[in-house]
Amino acid sequence: MYKLIRWYNQNRGIFWAVIGAIALLIIIIQVLNGIAREQNEQKRKEIAERNSSTNESTTISETDKSMVSKDKISKEEDKRNTDIVKEFVGYCNNREIEKAYNMLSDECKSLLYPTLETFQENYYKRIFYMYRMYNLENWYSNVNMVTYYIKYTEDVLATGNTESKDNKADYITVVNKDGKYCINISSFVGRETLGRNKTENGVTLTVNWVDSYIDFTIVNMSITNSTDKVICLDTKEDNESMYLYDINGVKYSSFLNENATEQLVIYRNINNSINVKFNKIYNPDREVIGLIASDIVLNYEDYKENRAQKQTIRVDTRI
């Protein structure tokens, strides 16, 4: 301690000069950071004001006509839908993340973004780490919903980078639920609730709902086992044993390999629910009308232990 005091007495001028320099440096850094924050915020406001008063941030094709099916919607409905998309993008650009999140449908939230934090981490930060312009095209028009292809681009008017390739793409669907509008994102189109069932040999297969995505379809089904044995919904020995079919008789096979075998086994007097993915891309002109499960094993335990041949039934549930 004595040496420290002695050193201080001998070098107090240098000591306080260093302290003063450090304090001054900290003050300068804080001032510069404050100026930078103000400049960035002012720039953001200027861009937001410019884009709210003009349509420079948006390129919209002939959105009242589907690019795929060529179906048309009214000009009024088209304007309402594109305004909803513009509102969502505006909230994201202006960092009003909760307002953007609240525009999502309940199904989109529960399936993809159950919390505001998951939406922020997995969608907002993946796309809106910069201010975005966007291009919009109508791909599918269906009853009470319109699906758009949206391409997020860099705001070249703000950055001057006319050759930017920092683009992101998505499918965004505007849904009308009893006059209340919401949106689905990340290629999720929408859910159709059904609750239709078929019973064969004490086994009831119920299609609860169908979730449509741009590239695939997921069916939530329940299987009730009213027999006196353990059954299996599908042994996964044949890739074509479970499929959807449409009004033209086209089959869409399942991806049961993505489901664990334990999910497919149903014990006596038990009701199991399961999600199964199918290779049906979204197309409202290709309406699915049924689901066939042709490898439901009634004597699964005996078959698994090689004590008996497989006894199967085929259930055709209309959708």
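For the structure, check the block above.
Residues numbered from 1 in each chain as written. Predicted model: local features only at pLDDT ≥ 70, side-chain atom pairs only at ≥ 80, totals over all residues. Heavy atoms only, no water.

(A) Focus on the overall build of the chain. On a plain count of helices and strands, the chain comes out with 8 helices and 15 strands. In the chain, which comprises 319 residues, the share counted as buried stands at 42%. The long-range fraction of contacts in the chain, counting pairs at least 24 apart against all pairs at least 6 apart in sequence, stands at 59%. A total of about 17900 Å² of accessible surface is found on the chain, and carbon and sulfur atoms cover 49% of it. (Helix = DSSP H or I, 4+ residues; strand = E, 2+ residues; numbered from the N terminus. Buried < 20%, exposed > 50% of the residue type's maximum accessible area, 1.4 Å probe, protein only. Contact = heavy atoms within 4.5 Å. Areas by Shrake-Rupley, 256 points an atom, 1.4 Å probe, with all protein chains shown as cover.)

(B) Representation of the layout of surface pockets. Estimates place the volume of the largest pocket at around 650 Å³. Forming the walls of the largest pocket are 27 residues, and the residues nearest its centre are Asn 142, Arg 191, Glu 192, Ser 212 and Tyr 282. Broken down by secondary-structure element, the contributors of at least two residues to the lining of the largest pocket are β4 (168-177), β6 (188-200) and β7 (203-213). The greatest single-element share of the lining of the largest pocket, amounting to 7 residues, is contributed by β6. Split by residue class, the lining of the largest pocket holds 11 nonpolar, 8 polar and 8 charged. (1 Å grid on protein atoms, 1.4 Å probe; cavity = no way out; pocket = protein on both sides within 12 Å on 5 of 7 lines; lining within 4 Å. Points joined across faces, edges and corners; volume = space filled by probe spheres on them. Nonpolar A, V, L, I, M, F, W, Y, C, P; charged D, E, K, R; others polar.)

(C) Seen up close, the pairing of β6. In this structure, β6 lies alongside β7, joined through 10 bridges in antiparallel fashion. Residue Arg 196 lies in a different strand from β7, and its bridge partner there is Val 207. Counting the residues between successive antiparallel strands, the hairpin from β6 to β7 contains 2 residues, one of them, Asn 201, with a positive phi of roughly 50 degrees. (Pairing = 2+ DSSP bridges.)

(D) Expanded view of the sheet that holds β6. Read from one edge to the other, the open sheet built from 4 strands follows the order β6-β7-β8-β13, with strand pairing classed as antiparallel. Of all the strands in the sheet, just β6 and β13 (271-278) have a single pairing partner and so form its edges. Averaged over all neighbouring strand pairs, the angle between strand axes comes to 15 degrees, with direction disregarded. Bridge analysis of β7 against strand β8 (residues 217-225) gives 9 bridges, and the strand direction is antiparallel. Counterpart to Val 207 in the pairing with β8 is Met 221. (Axes fitted to C-alpha atoms, helices over the stretch in contact; angles between N-to-C directions.)

(E) Structural view of unusual backbone geometry. Here the phi dihedral of Ser 186 falls at roughly 55 degrees; this positive angle occurs in a residue that is not glycine. Tracing the backbone shows Ser 186 in the loop between β5 (180-184) and β6. With relative accessibility at 22%, the residue Ser 186 sits in the partly exposed group. Look at Lys 236: it is not a glycine, yet its phi comes out positive at around 65 degrees. For Lys 236, the location among the structural elements is in the loop between β9 (231-232) and β10 (242-246). Taking the relative accessible area as the measure of exposure, Lys 236 reaches 28% and is therefore partly exposed.

(F) Representation of the pattern of salt bridges in the model. Counted by the stated rule, this structure contains 13 salt bridges. Across the salt bridge formed by Asp 295 and Lys 310, the nearest N and O atoms sit 3.1 Å from each other. Residue Asp 295 is found in strand β14 (residues 288-297), and its partner Lys 310 is found in the loop between α8 (300-304) and β15 (312-318); the two are separated by 15 residues along the sequence. Sharing partners across several salt bridges, the network here consists of Glu 237, Asp 295 and Lys 310. (Salt bridge = Lys/Arg side-chain N within 4 Å of Asp/Glu carboxyl O.)

(G) Quick peek at the nonpolar core. Counting 32 residues, the largest nonpolar core has Met 221, Leu 233 and Leu 291 as the members making the most contacts within it. Counting residues per element, this core draws most heavily on β14, at 5 residues. In terms of nonpolar packing, the next biggest core, distinct from the first, is built from 31 residues, Phe 88, Ala 100, Ile 127 and Phe 188 among them. (Core = buried A, V, L, I, M, F, W, Y, C linked by side-chain atoms within 4.5 Å.)

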